Amino acid sequence: HIFYKRVEKCRFMFTTPQDRANALNKRLVEFGKRIQEVYDIKDMYDVEEDQEVALARLENVGVPRQEKVCCIGRICNEAHEGKLNRTSLLLEGSRHQSNGMRVNLDISPLLDANLETRSS
């Protein structure tokens, strides 16, 4: 798979929470760069205001916009425990670009579209 990258083994009980957080953030940033390269997503600051782009422009998580934007982050659970469900999903941005900001992630349009195609 194009996004798979072998990561060094981590000794879970012997690493600090800060080391684990740094490793997760580093993977998120690397994954985001790769997504930008593969899908040719332009950063908000690399595109002129009136310039037309194929996909929505890349924006940091948590920045309010009226137009569609692409955000890169990790999906996490609002409750910090238990199973994920459609009401507890959050998108968390990287610490460097989004200051770890989290926003609610609404996937109901995806689920509704999936149900419509299956019922046909």
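As the structure is a computational prediction, the values presented were derived from the model and not from experiment.

Undergrad: Is there a simple way to think about the side chain of Ser98 in this case?
TA: In this structure, Ser98 sits in helix H2 (residues 95–98). Among the polar contacts made by the side chain of Ser98, one reaches the main-chain amide nitrogen of Val61 at a distance of 2.9 Å. When sequence neighbours within four positions are dropped, the list of residues in contact with Ser98 reads Asn60, Val61 and Gly93.

Undergrad: Could you clarify how one ought to interpret the pattern of salt bridges in this entry?
TA: Pairing between side chains of opposite charge can happen when their charged atoms approach one another. As enumerated under the stated definition, the model contains four salt bridges in all. Residue Glu37 is joined to Arg34 by a salt bridge in which the shortest nitrogen-to-oxygen separation is 3.5 Å. One end of the pair, Glu37, and the other, Arg34, are both in helix H1 (residues 17–39), three residues apart, so they sit about a helical turn from each other. Taking the shortest distance from any N to any O, the salt bridge between Arg102 and Glu92 comes out at 2.7 Å. Taken as a pair, Arg102 in strand E5 (residues 102–104) and Glu92 in strand E4 (residues 89–92) lie far apart in primary sequence, ten residues in all. When its relative accessible area of 34% is taken as the criterion, Arg102 is described as partly exposed.

The rules behind each value
Residues numbered from 1 in each chain as written. Predicted model: local features only at pLDDT ≥ 70, side-chain atom pairs only at ≥ 80, totals over all residues. Heavy atoms only, no water. Helix = DSSP H or I, 4+ residues; strand = E, 2+ residues; numbered from the N terminus. Polar contact = N/O pair within 3.5 Å; in protein donor to acceptor, adjacent residues only side chain to side chain. Contact = heavy atoms within 4.5 Å. Salt bridge = Lys/Arg side-chain N within 4 Å of Asp/Glu carboxyl O. Buried < 20%, exposed > 50% of the residue type's maximum accessible area, 1.4 Å probe, protein only.

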